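One-letter residues, chain by chain:
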Amino acid sequence: MKQYLEKVINHQALSVEEMDGAARQMFGEEVSDTEIGAFLTGLKVKGETPEEIAGLVNVIREKSPLKFSNLTSVMDNCGTGGDGSQSFNISTTSAFVVAGAGITVAKHGNRSVSSKTGSADVLEHLHVSLSLTAEQMEELLNEIGIAFLFAPHVHPSLKRIMGVRKQLRIPTIFNLIGPLTNPVQLESQLLGIYRRDMLESMASALHQLGRRRALVVNGAGYMDEASLAGENHLVLLDRGEIIQFTLNPEEVNLPIYDLDQIRGGDSRENAEILRQVLNGEKGPYRDTVLLNAGLAIFANGKAETVQQGVALAKKSIDSGAALEKLNTLVEYSKRTIGV
């Protein structure tokens, strides 16, 4: 670890191969917590590069006990968290809308870290199982078109690193990479990030990780979701090409809302908001989901424009297809696990 630590302390970037070596040492027994903490701090001070992000993610995905063999054309729409907005669970709600539009969604997520309620907290309240096997998840993805991958079950090797991160009490590269570590080999992705300065770097990392198409977004108010509060900053990755653009609500015929109007609550309250949206209730929650689901559908390539994506998101909700995805996932959980 010493050679890698010296490089980052001297503000020298690591190659993908060097980061691979450093990551394997971090997950080994010979490196101390102090060395791991120093390395993560050095990376943060230097600034994390796409190669360093991709190198770390490759090792984490390799170490996941969950392996999938018969999946194609799958996407995720997970955000990094960390924006402090206390919003309702936008990406979780949007995942059902995207699935209802005919796109297979492997929703990666965790319990609350920086917000009141994480995706796992809400789905657990809705009686979606967090403990399915890889075979059961693969069955769900192939037959229903949506599954939830609970991060601690997917990545048990990160338990020690989590302890170091708690001791550091500062954001590190691990606050950026959660959505990238989905063990399913994704073809496309919508990635929300709380750091606007990392948009292009994350798009480049997604390219190195094999995404055909992806959209990285930092919303108005620096949310890790697209926001109806004003101008959103985005980077589109399309077969290796990286395109920067901005998007305002009026460009997709959606109203402007203050961020206070999309605040959430505890798992019970956010689960109720999720159901209200999927049941067609109109207002700021629905419109925010329409924007984010529309962006995901565009990121997947099913829609040629964001506006077409929003239209398909509306159809998914209003036809009942999005709600049916949730109900089917709940019924599968009850039948399989008895939750």
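It should be emphasised that the depicted structure is a prediction, and the values quoted were computed from it without experimental measurement.

Rules of the game
- Residues numbered from 1 in each chain as written.
- Predicted model: local features only at pLDDT ≥ 70, side-chain atom pairs only at ≥ 80, totals over all residues.
- Heavy atoms only, no water.
- Helix = DSSP H or I, 4+ residues; strand = E, 2+ residues; numbered from the N terminus.
- Rg over C-alpha atoms; globule rule 2.2 N^0.38 Å.
- Buried < 20%, exposed > 50% of the residue type's maximum accessible area, 1.4 Å probe, protein only.
- Areas by Shrake-Rupley, 256 points an atom, 1.4 Å probe, with all protein chains shown as cover.
- Core = buried A, V, L, I, M, F, W, Y, C linked by side-chain atoms within 4.5 Å.
- Contact = heavy atoms within 4.5 Å.
- Phe/Tyr/Trp six-rings, centres within 6.5 Å; stacked < 30°, edge-to-face > 60°.
- Lys NZ or Arg CZ within 6 Å of the ring centre and 35° of its normal.
- Pairing = 2+ DSSP bridges.
- Axes fitted to C-alpha atoms, helices over the stretch in contact; angles between N-to-C directions.
- Salt bridge = Lys/Arg side-chain N within 4 Å of Asp/Glu carboxyl O.
- Polar contact = N/O pair within 3.5 Å; in protein donor to acceptor, adjacent residues only side chain to side chain.

(A) Structural context of the overall build of the protein chain. Along the protein chain, the regular secondary structure elements total 15 helices and 7 strands. Against the globule reference of 20 Å for 339 residues, the protein chain gives a C-alpha radius of gyration of 19 Å, in line with a compact fold. Each of the three principal axes of the protein chain carries a C-alpha extent, and together these read 55 × 45 × 35 Å. Counting all 339 residues of the protein chain, 57% fall into the buried class. Total accessible area on the protein chain is roughly 13,700 Å²; 46% of this is exposed by carbon and sulfur atoms.

(B) Spatial organisation of unusual backbone geometry. Even without being a glycine, arginine 169 presents a positive backbone phi close to 60°. By the secondary structure assignment, arginine 169 is in the loop between α9 (159–168) and α10 (174–177). The phi dihedral of asparagine 253 is positive, around 60°, even though this residue is not glycine. Secondary-structure assignment places asparagine 253 in the loop between β7 (241–247) and α12 (267–278).

(C) Spatial organisation of the nonpolar core. Core analysis: the largest hydrophobic core is formed by 74 residues, its most contacted members being Val184, Leu295 and Leu326. The biggest single contributor to this core is helix α13 (residues 284–300), with 9 residues. With 43 residues, the next largest nonpolar core counts Val8, Phe39, Leu43 and Leu176 among its residues.

(D) Molecular detail of helix α7 (residues 134–143). Where α7 is concerned, the buried positions are Ala134, Gln136, Met137, Glu138, Leu140 and Leu141. The elements touched by buried residues of α7 are β2 (104–109), β3 (146–150) and α15 (321–336). Glycine 145 sits one or two residues past α7 and shows a positive phi near 95°.

(E) Expanded view of the environment of glutamate 250. As for its position among the elements, glutamate 250 is in the loop between β7 and α12. Overall, glutamate 250 belongs to the partly exposed group, its relative accessible area being 49%. Each C-alpha atom of the pair glutamate 250 and glutamate 231 lies 10.0 Å from the other, and the pair is 19 residues apart in sequence.

(F) Representation of the packing of aromatic side chains in the model. Tallied over the full model, the rule gives 1 aromatic pair. With a centroid separation of 4.9 Å and an interplanar angle of 75°, the aromatic rings of phenylalanine 88 and tyrosine 285 are classed as edge-to-face. Highlighted residues: phenylalanine 88 in the loop between β1 (74–76) and α5 (90–100) and tyrosine 285 in helix α13, separated in sequence by 197 residues. The exposure class of phenylalanine 88 is buried, given its relative accessible area of 2%. Taking the relative accessible area as the measure of exposure, tyrosine 285 reaches 23% and is therefore partly exposed. Its end group placed over the ring of tyrosine 222, arginine 196 keeps NZ or CZ at 4.0 Å from the ring centre. A cation sits over an aromatic face here: arginine 213 above phenylalanine 298, 5.0 Å from the ring centre.

(G) Quick look at the sheet that holds strand β5 (residues 213–218). Strand order in the open sheet formed by 7 strands is β3-β2-β1-β4-β5-β6-β7, with mixed pairing between adjacent strands. With one partner strand each, in any of the chains shown, β3 and β7 form the two edges of the open sheet. Direction aside, neighbouring strands of the sheet carry axes that sit 15° apart on average. Sheet strands touched by α7: β2 and β3. Its angle to β3, the strand with the most contacts, is close to 150°. The strands that α13 touches are β1, β4 (188–192), β5, β6 (232–238) and β7; relative to β5, the one it contacts most, it runs at about 150°.

(H) Here's a closer look at the pattern of salt bridges. Evaluated as defined, the whole model comprises 14 salt bridges. Among the ionic pairs, lysine 46 bridges to glutamate 52, the shortest N-O distance being 3.0 Å. Note on accessibility: lysine 46 and glutamate 52 belong to one class, buried. One network of salt bridges, with partners in common, ties together Asp20, Arg24 and Glu62.

(I) Highlighting the pairing of β2. Extensive coverage of β2 is indicated by the burial of 6 of its 6 residues. The alternating pattern of β2 places Thr104, Ala106 and His108 on one face and Val105, Lys107 and Gly109 on the opposite face, and all of these are buried. Taken together, the 2 bridges between β1 and β2 define a ladder with parallel strand orientation. Of the residues in β2, the one forming a bridge with valine 74 is threonine 104. Relative to β3, β2 is paired through 5 bridges, and the arrangement is parallel.

(J) Quick look at the side chain of threonine 80. Tracing the backbone shows threonine 80 in the loop between β1 and α5. A residue is classified by how much of its surface remains accessible, and threonine 80, at 18% relative accessible area, is buried. Looking at threonine 80, its side chain comes within polar contact range of the main-chain nitrogen of tyrosine 194, at 3.4 Å. Residues contacting threonine 80, with those up to four places away along its chain left out, are Asn175, Leu176, Pro179, Leu191, Gly192, Ile193, Tyr194 and Asp224.

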